[in-house]
Amino acid sequence: MTDLAQLVPYDEALSRYEPVIGLETHVELGTATKMFCGCPTTFGLEPNSAVCPVCLGLPGSLPVANRAAIEFTIRIGLALNCSIASWCRFARKNYFYPDMPKDFQISQYDEPLCTDGWLDVDVDGRAFRVGIERVHLEEDTGKSLHMGGATGRIHGADYSLVDYNRAGIPLVEVVTKPVAGTGVLAPEAARAYVTELRDLLRCLGVSDVRMEEGSLRCDVNTSLAPHGAADWGTRTETKNVNSLRSVERAVRFEIARQAAVLDAGQKVVQETRHFHEDSGSTTAGRSKEEAQDYRYFPEPDLVPVAPARDWVEQIRASLPELPAARRARLQADWGLSGAEMTHLSNAGAVDLVSATVEAGASPAEARKWWLGELARRANESGTELSQLAITPAHVARVSAMVRAGTLNDQLARQVLEGVLAGEGDPDTVVEARSLAIVSDEGALAEAVDAAIAANPDVAAKVRDGKTAAAGALVGAVMKATRGRADAERARELILERLS
Amino acid sequence: MAAGGAGMARELTRLTAAEIAAAVAAGDVSAVEVAQAHLDRIVAVDPDVRAFLHVAGIGALAAAEDVDRKRAAGEPLGPLAGVPLALKDVMTTTDMPTTCGSKILDGWRPPYDATVTRRLRDAGVVILGKTNMDEFAMGSSTENSAYGPSHNPWDLTRIPGGSSGGSSAAVAAYEAPLAIGTDTGGSIRQPAAVCGIVGMKPTYGGSSRYGLVAFASSLDTPGPLARTVLDAALLHEVMSGHDPRDSTSVDAPVPPVVAAARHADVSGLRVGVVTEFSGGGYQSGVRARFTEAVELLESLGAKVVEVSCPHFSYALPAYYLIAPSECSSNLARFDAMRFGLRAGDDGTRSADEVMSLTREAGFGAEVKRRIMLGTYALSSGYYDAYYGKAQQVRTLITRDFDAAFEQVDVLVSPTTPTTAFPIGERADDPMAMYLADLFTIPSDLAGNAAISVPCGLAPEDGLPVGLQIMAPALADDRSYRVAAAVEAALQERWGGPLLAQAGELGEQAGGGR
């Protein structure tokens, strides 16, 4: 394990080295059935209940390719500006592992379905074009659960269980070309790419792209070379980096670690590395020397995939408005600057804000809550905005109540807190927590009189014309009403009485 | 059939499938009586022949009863309803074990039926049991079976061919009129030839592989074995046809094989003799019978020409790269995790160790040899030189066939270079064993149709010789048409089927003789 103390500070590392990154993203497709059989792809079923002879790899069983999965892959390829192969084959990737039912994975090797495309991403107002090397289709493996032991990993486990429900779920792998020239923005660029890809996939309707459920998984390649060097450095591949934040952290850590290795005059080892969510660090996995020989060969149980041109063009014509175009449109509709839109996008809030606007809020209101209070809470709990237990409709409702004067901002934050805590929708929370602004003039007047009575010194100052001192009385009123008073109206009443 | 007794039962086992089906349909005999007669025959002779790994007496009688019930109810019966059949133990069956002749699958009961199994059941065919085979269909003698070899009914000291040797022996020993085999390098035709019966390798994809435990996916082809060409065609028709569960299954009508088997006419047909197959290495009696068969075809009005297929000489080496490569991958799943044997799992060992111990204990020597060959051939750095090159050779062989079938309608050759060899003779010499498939392998690599039909006995040992008739892909009917003509002409010459010249097997119970 790398001694964390030996890491080179990030900015210092970037002052000497140029990073090159690359991303391999696995996406579980949202087809109704598995890649090569008719079993359902539903997440979270009883272990080993969505299985059949084919996805269990029982002797004699044969795969039949899922046409919908091929169509989804073509959709992804087209949206990523790729060429679609007119003829390609599946290949067997051979290796032994208990969660691989056939002890080979049906994948694609030298004949991917989609090649040579790109995806434009925006990092702090700078546009980067990320080249797409390939998009290919394969099947997922089962899931091993290592029981006992401290780490949950296979080493030290007492025994292991395998759930084959996931085995055979169609999986698309999107591989970027090496991304150079991002400089200090490499970690952000990596994150922005995965975010953009995730939004694109969601928009295409091909996957639920839930990183926390593993339907979107990332391997992050990083290398460093001294500024001005002719060749790129040796890369490491950090496996299974499973949140947007982790993507950024993994690149950042690898840059700092590799800089330390290079500074010490050593060579970066080409290897796979494991990312640790808790520490944000990576540790060595398999090195290139130990790399398996997968003995790829064309899958003889399947016929070649030869998508007809007409079909591909039909799919192209059916593509929805893609996120980049949509963002441009929304940016214009909402009157935002490029930087504001990027901020919204990087925060993963475009869809949320859009839905909140559709639910009746103004763009400014929607942005204010999603990028303010809610972003803060997401950050605190280490989750994505979209995973907060609140809907755009809730946020729109809260905005409406603020607009109507039923809530002020402070009360609104309490309502959001209540919704996030599972106390119900905004109206329920307002009711249960008695959060509505006190609009009863009599009750407010009572509170004002009480405040004046309790603070004669302050009241005297106000009477002497120091109206600024009224703030302390307003504060007392707010305290007495637990924040539910309309502060402006309270001020008016105080000044009336003390004039 | 109260008065029939043992004599009648013996007669039932001598009937062809077509005769049994007609008799059952006409109500002359019940399917149960037919099944019982064959089960009795198995009890009597199989201790010597050892064709079966598993006999499903109760299941067979139940299936036969079902046929009788349907007939009684006036429901329509299929063309082979009530006909008993022996199923190679490579096809999955829910009601019987499926071992593939391997210890690694000892006792495995599949949860699903192979498509072929399903089609047979649906057609009212009565499955008597599962037949012995070389382990995972790798071999030409059944000596590679983990359960011991089957014996050739013509001479019990000799091999019945392989890998479908249990199936060929069962049919030749009158234990079943029909059997299913699978052909990867000759595994239907070679056992048919050395047992003096008919065996057909359909066009690749013509019969479904779903539920056929794979040896080499791009080659494996299920097909019929029978005592007559017509019976083989009837079974061919029932078992074949498009299967959506097998992507490589041909989506086209089954060629008119039954009609062809009834149309025994070769006049005007162009027959090619492959120049490259006329070299050395033949047993003299095999050559003699083959030459006679060619002359016979000429006398029946066929035009015989010599055709060169220059790349056929490379078929055997190409096959021994492609088949092991695919098998090394196909057999990876036997890892002790989900089914079959598990060795060494004493709670202290890792999954990797248990996998290794299981594969060490569960696979026989020939299977291990081929897994190693294939693993090597697919390895990074060797792929192009071995697997890649072999695939190129395969393309050239297919082109040789294409060019040949421009000139001729069918190609003929001996099915196998020698008659049945003694058990044990080649057991320690894999190369000698591999040569048994010299003439059959090209059609597996190209995927075209080919049949073996008996063409006489080799004078030096009195054992059967097979004539192979190769036809273009999807022209399976042509093989049947020529085979039927040869069969008819030779039976006229012999005064009956070749098998009638085999000595009677000693029946251990019931005293049938």
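Residues numbered from 1 in each chain as written. Chains lettered and ligands numbered in written order. Predicted model: local features only at pLDDT ≥ 70, side-chain atom pairs only at ≥ 80, totals over all residues. Heavy atoms only, no water.

Concerning the overall build of chain A
Scanning chain A from terminus to terminus reveals 17 helices and 14 strands. Along the first, second and third principal axes, the C-alpha set of chain A runs to 95 × 55 × 50 Å. In chain A, which comprises 499 residues, the share counted as buried stands at 51%. Long-range pairs, those at least 24 residues apart, make up 69% of the contacts in chain A between residues at least 6 apart in sequence. Surface summary for chain A: the accessible area is close to 21,700 Å², and the carbon and sulfur share equals 51%. Side-chain charges in chain A split into 53 positive and 70 negative, and the spacing between the mean points of these groups amounts to 1 Å. (Helix = DSSP H or I, 4+ residues; strand = E, 2+ residues; numbered from the N terminus. Buried < 20%, exposed > 50% of the residue type's maximum accessible area, 1.4 Å probe, protein only. Contact = heavy atoms within 4.5 Å. Areas by Shrake-Rupley, 256 points an atom, 1.4 Å probe, with all protein chains shown as cover. Lys, Arg positive; Asp, Glu negative; His and termini not counted. Charge placed at Lys NZ, Arg CZ, Asp CG, Glu CD.)

Regarding the state of the cysteines
All names here are of chain B. Across all of its chains, the model carries 0 disulfides over all chains by this definition. This cysteine, Cys195, is not joined by any disulfide, and Cys455 carries the nearest cysteine sulfur, 15 Å off. Not part of a disulfide, Cys309 finds its nearest cysteine sulfur in Cys455, a span of 19 Å. (Disulfide = S-S within 2.5 Å.)

A short note on the nonpolar core
Taken as a class, soluble globular proteins show a tendency for nonpolar side chains to be buried jointly. Core analysis: the largest hydrophobic core is formed by 246 residues, its most contacted members being A:Ile76, A:Leu80, A:Tyr193, B:Leu120, B:Phe136, B:Leu411 and B:Tyr480. Here the element with the most residues in this core is helix H3 (residues 186-204) of chain A; it accounts for 10 residues. A:Tyr193 has contacts with A:Leu23, A:Thr25, A:Leu119, A:Val121, A:Val130, A:Ile132, A:Val174 and A:Thr176, leaving out every residue within four places of it along the chain. The next biggest cluster of nonpolar side chains, apart from the first, holds 32 residues, and it includes A:Leu374, A:Ile390, A:Val395 and A:Leu411. (Core = buried A, V, L, I, M, F, W, Y, C linked by side-chain atoms within 4.5 Å.)

Focus on the sheet that holds strand E6 (residues 126-139) of chain A
Residues and elements named next belong to chain A. Strand order across the open sheet formed by 9 strands is E2-E5-E6-E9-E1-E10-E11-E12-E13, with mixed pairing between neighbours. What marks the edges here is a single partner per strand, and that holds for strand E2 (83-84) and strand E13 (281-287). Seen against the sheet, H3 touches strand E1 (17-28), strand E5 (114-123), E6, strand E9 (170-176) and strand E10 (216-226) and runs at an angle of roughly 115° to E5. (Pairing = 2+ DSSP bridges. Axes fitted to C-alpha atoms, helices over the stretch in contact; angles between N-to-C directions.)

A few points about the sheet that holds strand E2 (residues 84-88) of chain B
All names here are of chain B. Here 11 strands make up an open sheet; going across it, the order is E1-E3-E2-E4-E6-E5-E10-E11-E9-E7-E8 and the pairing mixed. A strand with exactly one partner marks an edge of an open sheet, and here the two such strands are strand E1 (52-55) and strand E8 (303-307). In this sheet, adjacent strand axes meet at a mean angle of 30° when their direction is disregarded. Bridge count between strand E9 (residues 410-414) and strand E11 (residues 463-471): 4 bridges; the pairing is antiparallel. By the bridge assignment for E11, Val412 is matched with Ile469.

Some words on the packing of helix H9 (residues 363-371) of chain A against helix H10 (residues 373-381) of chain A
All names here are of chain A. In contact at an axis separation of 2 Å, H9 and H10 are set at 20° when each is read in the N-to-C sense. In terms of orientation, H9 lies roughly parallel with respect to H10. Contacts between H9 and H10 involve Lys368, Trp369, Trp370 and Leu371 on the former and, on the latter, Glu373, Leu374 and Ala375. Looking at the contact of H9 with H10, its residues break down into 5 nonpolar, no polar and 2 charged. (Parallel < 35°, antiparallel > 145°, perpendicular 65-115°, else oblique. Nonpolar A, V, L, I, M, F, W, Y, C, P; charged D, E, K, R; others polar.)

What about helix H6 (residues 165-172) of chain B?
Because each turn of an α-helix spans 3.6 residues, side chains separated by three or four positions in sequence point in the same direction. Residues and elements named next belong to chain B. Judged by how many residues are buried, H6 sits mostly within the fold: 8 of 8 residues are covered. Those residues of H6 that sit buried are Gly165, Gly166, Ser167, Ser168, Ala169, Ala170, Val171 and Ala172. Looking at the residues trailing H6, positive phi occurs at Tyr174, about 60°.

Regarding the side chain of A:Asn165
Residue and element names in this part refer to chain A. Following the sequence through the fold, Asn165 ends up in the loop between strand E8 (159-163) and E9. Judged by its relative accessible area of 8%, Asn165 is buried. At 2.8 Å, the side chain of Asn165 and the backbone nitrogen of Ala50 are in polar contact. Beyond its immediate stretch of four places on either side in the chain, Asn165 contacts Lys34, Leu45, Glu46, Pro47, Asn48, Ser49, Ala50 and Val51. (Polar contact = N/O pair within 3.5 Å; in protein donor to acceptor, adjacent residues only side chain to side chain.)

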